[in-house]
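# Structural description and commentary
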Amino acid sequence: MRARYPDSDGFIERDGVKVGYEVFGEGSPAVVFPPIDAIVHSRAWKAQVPYLARTRRVVTIDPRGNGRSDRPTDPAAYADTEFVADTIEVMDTLGVDRAVLVGLCTSGWRALLTAVLHPDRVLGVVSIASWAPYLTPPVPHRAGTDFEAQLDTYAGWDKANRHYWLAHWPDYAEFFFGELLTEPHSTKQREDAVGWALEIGPATMIAHDEGPVSSDSREQTEAILRRVSCPVLTIHGEGDRCQPHARGERVAELTGGEFLSLSGVGHLPQAREPVLVNRAIRDFVDRIAVPVQRQRQRPWTHPLSRERRLLFLSSPIGLGHSRRDVAIADELRVLRPDVRVDWLAQHPLTELLRRRGEHIHPASAHLAAESAHMESESAEHDLHAFQAVRRMDEILVNNFMVFADLVEEQPYDAWVGDEAWELDYFLHENPELKRSPYIWLTDFVGWLPMPDGGAAEAALTADYNAEMIEQVARYPVLRDRALFVGNPEDVVPDTLGPQLPGIRDWTEQHFDFVGYVSGFDPAAVADTAGIRAELGYRPDEKVCVVTVGGSGVGGHLLRRVIAAYPHAKQLIPELRMVVVAGPRIDVASLPAPPGVEIHAYVHDLYRHLAVCDLAVIQGGLTTAMELTANRRPFLYVPLRHHFEQNFHVRHRLDRYRAGRRIDYDETAPEALASAMAAEIGRPVDYLPVESDGARRAAARIAELL
């Protein structure tokens, strides 16, 4: 799922070649991404587009040869002047009079060439990892390679060869982007780029690379670049193994532009360092629009006169985070009555927060939907959570940029991130952006592979864990507090990967344990009979509550449980089934046989769970621990391939001797009905769950205020 989809799209056609474009957002000056090198397409800008489109009109253009554009076979169709003409034609079609152009590698050259050939149409150029013909010698490891030679063996950059491409294009793509993304822990960026490269065949790529260019010498290239009259920003990684760093410096020198040198960065900083690149492009565009920017008025209040403010970021993947976070906020207000809590949150959490009267920051409207992404990644009671998070990368970039802009404009006394992965990751990647004390909150540590993922998934999860370890080791004070929602025994006894620490050992070294945080006071639901009467449950009824949390992933399980009702009713004549679909499942889509109540929302659902005779739930931690705290029997059905539910949550529930786990494959109507009959009303011997976790977490946060 994308972080932002285009507001419109279309094609231009020139000399029989169709070229696709997409348009996002409104505002001027417009930002146009000219056609990129044909080995990838305009999705290479996926980390930039949503952010820039919040305030600007943004146009992306697929290159001839890839994406939605045609794939001509004549090299002449790939002349650099053809790409320039495509850019201008798209601008004309969309009524974009003038724009800032942003290019990468060869499209950086095409952007600069557009500025020379059409100076009245280009307000400025950002050229990243600049390519320019003959301008400087190639990087040393590419010197001496021969594209036309037939070799007995092909190793390293010798693979940049016509014959190797035609015979081994997928392997070349793997090699090429491995060289372009030399930064550690770049597995997702490499996968993306290789996937885009495989959308183009080697014959098309050869034709692209044989396309004519507007210079046949270093002197001619320098003369062209000296003709650029608009502002230029050149961004180049010192570790670029495709275009030499000196080439970027020379482009900046010849155009009179700014030069941003990135130490420790390779050829694709827009993918590997998106926060830095996004802010650099934003600031460059703002400088071009400086008359408008200077008219803005910004208030400022003396620090001693400011109200005390806390910014809370709560993961939207399930409603459990908001329940515990509200409980922590309530306890914090007891300790510090002067504190104001702002929430940077999204649906479905915002529904609960609004009902509670909490203040949801208006910037929340710019957040991309993480919960919807998870639903788009799910199948029948199946969600590969680790891979889904990996594929949520552009959404996480977008949401961090929302946060970064917010805290740049408005001061806060502290930030709290409850499994706000984008906040924790990109703060460690950009530690200079830390402006306030920061508290990280989670109930699990460590990505774990699913068994059927094999060695490849085990390597990926270990790589993600290793990156986390390195980040925390490099910036141990970036997290002013790291709070684990639970106790040391709740941490799984696995390792973070080969040659990596044990998860429990590492967690004990780097986290404070606050105990479990429930969103309610167990003493308030101790009067089971009284609450049942208040809720309308008769003493002679056996109440089964069925709920799958706040996401839309649980629809298949709800249908399974509803289908089991007639069989369960035969075994449990006094059975009453209450099904809670949640905010993201359409109640009308669920069958409603006689005797089954289906609700979209139940206020204070925890009270119903506290007095039910049985609950059937998904494998999420919050609902399971509520039932454990209230000593209710329950069946839980973890989502297939959901590593957290299958390993972390299961380990914790096993420790508490709580619940009965059932695989989804075991939920045929008769089997599920038998399990319900065996569990309903069963006496339990769960371990007690502490009730002061919210207070303990709030106390640790209050220390930073």
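The structure displayed is predicted, hence computed values, not measured ones.

Once that is clear, we can look at the overall build of the chain. Scanning the chain from terminus to terminus reveals 26 helices and 21 strands. In summary, the chain has a C-alpha radius of gyration of 29 Å against a globular reference of 27 Å for 705 residues, a match within 12%. Taking the principal axes of the C-alpha coordinates as reference, the chain spans close to 90 × 65 × 50 Å. Evaluated residue by residue, the chain yields a buried proportion of 59% over its 705 residues. At a minimum sequence separation of 6, the contacts of the chain that also span at least 24 residues come to 73%. A total accessible area of about 27,000 Å² is found for the chain, and carbon and sulfur atoms account for 50% of it. Taking the 74 positively charged and 101 negatively charged side chains of the chain as two groups, their mean positions are separated by 4 Å.

Attention now goes to the pattern of salt bridges. For the structure on display, the rule yields 68 salt bridges. Here Glu-82 ties to Arg-14 by a salt bridge, and the two come within 3.0 Å at their closest N and O atoms. One end of the pair, Glu-82, is in helix H2 (residues 80–94); the other, Arg-14, is in strand S1 (residues 8–14), with 68 residues separating them in the sequence. For Arg-14, a relative accessible area of 16% corresponds to the buried category. Measuring nitrogen to oxygen at the nearest pair gives 3.4 Å for the salt bridge that ties Arg-560 to Glu-380.

With that settled, the discussion passes to the nonpolar core. Tyr-172, Phe-177 and Phe-400 are the most contacted members of the largest nonpolar core, which has 111 residues in total. Considering each element in turn, this core owes the most residues, ten residues, to helix H16 (residues 393–409). Beyond its immediate stretch of four places on either side in the chain, Phe-177 contacts Ile-39, Val-40, Arg-190, Ala-193, Val-194, Ala-197 and Leu-268. Among the nonpolar cores identified, the runner-up in size contains 58 residues, and Ile-531, Val-602, Tyr-636 and Val-689 belong to it.

We now examine helix H10 (residues 274–288). The first and last C-alpha atoms of H10 sit 21 Å apart over 15 residues, in line with the 21 Å expected at 1.5 Å per residue. Buried residues of H10: Pro-274, Val-275, Val-277, Asn-278, Arg-279, Ala-280, Ile-281, Arg-282, Phe-284 and Val-285, and no others.

Every second residue of strand S4 (residues 58–61) is oriented toward a common face, with Val-58 and Thr-60 on one face and Val-59 and Ile-61 on the other, all of them buried. In this structure, strand S2 (residues 17–24) lies alongside S4, joined through four bridges in antiparallel fashion. Across the sheet, residue Phe-24 finds its bridge partner in S4, namely Val-58. Where strand S3 (residues 30–33) meets S4, three bridges bridge the pair, whose relative direction is parallel. When the bridges of S4 are listed, Val-31 appears paired with Val-58.

What follows concerns the sheet that holds strand S12 (residues 414–418). In space, the seven strands of this open sheet follow the order S11-S10-S9-S12-S13-S14-S15, with parallel pairing throughout. For this open sheet the edge positions go to strand S11 (359–360) and strand S15 (512–513), each flanked by a neighbour on one side alone. Examined bridge by bridge, strand S9 (residues 308–314) and strand S10 (residues 339–344) share six bridges and lie parallel to one another. Residue pairing for S10: Leu-311 is matched across the bridge by Asp-342. Relative to the sheet, helix H26 (residues 693–702) contacts S9, S12, strand S13 (438–442), strand S14 (481–484) and S15, its axis offset from that of S14 by approximately 175°.

One open sheet holds the six strands; their spatial order is S18-S17-S16-S19-S20-S21, and the pairing between them is parallel. The open sheet is flanked by strand S18 (596–599) and strand S21 (660–661), the only strands paired with a single partner. Bridge analysis of strand S20 (residues 634–637) against S21 gives two bridges, and the strand direction is parallel. Bridging across to S21, Tyr-636 finds its partner in Arg-661.

Another aspect to go through is the environment of Thr-547. As for its position among the elements, Thr-547 is in strand S16 (residues 542–547). Taking the relative accessible area as the measure of exposure, Thr-547 reaches 6% and is therefore buried. In sequence terms Thr-547 and Gly-582 are 35 residues apart; their C-alpha atoms lie 7.6 Å from each other. Dropping the residues within four chain positions of it, Thr-547 is found in contact with Val-580, Leu-605, Leu-609, Val-616, Ile-617, Gln-618 and Thr-623.

Turning our eyes to something else, we now look at helix H17 (residues 421–429). Across the nine residues of H17, seven count as buried, placing the element largely inside the fold. Among all positions in H17, only Trp-421, Glu-422, Leu-423, Asp-424, Phe-426, Leu-427 and His-428 are buried.

In the segment running from Ser-28 into Pro-29, the intervening peptide bond is cis, with an omega of 0°. Turning to its location among the elements, Pro-29 is positioned in the loop between S2 and S3. Of note, the amide linkage connecting His-347 to Pro-348 takes the cis form, showing an omega dihedral of 10°. Note that Pro-348 resides in the loop between S10 and helix H13 (349–356). Residues other than glycine seldom take positive phi values, yet His-381 does so here, at roughly 45°. Summarising the element assignment, His-381 is placed in the loop between helix H14 (370–376) and helix H15 (385–390). Take His-381: its relative accessible area is 0%, and that puts it in the buried class.

So, about the packing of aromatic side chains. Here the structure, examined in full by the defined rule, presents 33 aromatic pairs. Seen from their ring centres, Phe-444 and Trp-447 are 6.2 Å apart, and the 80° between their planes marks the pair as edge-to-face. The pair Phe-444 / Trp-447 is uniform in exposure class, with both members buried. Ring centres of Phe-444 and Phe-643 lie 5.6 Å apart, and the angle between their planes is 75°; on these two criteria the pair is classed as edge-to-face. With a gap of 199 residues between them, Phe-444 in the loop between S13 and helix H18 (454–474) and Phe-643 in helix H24 (residues 643–655) connect regions that are remote in the sequence. In this structure an aromatic cluster arises from ring pairing among Phe-147, Trp-157, Trp-165, Trp-169, Tyr-172, Phe-175, Phe-176 and Phe-177. Stacked on the ring of Tyr-664, the Lys or Arg Arg-560 has its end atom at 4.2 Å from the ring centre.

What counts, and at which threshold
- Residues numbered from 1 in each chain as written.
- Predicted model: local features only at pLDDT ≥ 70, side-chain atom pairs only at ≥ 80, totals over all residues.
- Heavy atoms only, no water.
- Helix = DSSP H or I, 4+ residues; strand = E, 2+ residues; numbered from the N terminus.
- Rg over C-alpha atoms; globule rule 2.2 N^0.38 Å.
- Buried < 20%, exposed > 50% of the residue type's maximum accessible area, 1.4 Å probe, protein only.
- Contact = heavy atoms within 4.5 Å.
- Areas by Shrake-Rupley, 256 points an atom, 1.4 Å probe, with all protein chains shown as cover.
- Lys, Arg positive; Asp, Glu negative; His and termini not counted.
- Charge placed at Lys NZ, Arg CZ, Asp CG, Glu CD.
- Salt bridge = Lys/Arg side-chain N within 4 Å of Asp/Glu carboxyl O.
- Core = buried A, V, L, I, M, F, W, Y, C linked by side-chain atoms within 4.5 Å.
- Expected span 1.5 Å × (residues − 1).
- Pairing = 2+ DSSP bridges.
- Axes fitted to C-alpha atoms, helices over the stretch in contact; angles between N-to-C directions.
- Phe/Tyr/Trp six-rings, centres within 6.5 Å; stacked < 30°, edge-to-face > 60°.
- Lys NZ or Arg CZ within 6 Å of the ring centre and 35° of its normal.

In short, geometric facts, not functional conclusions.
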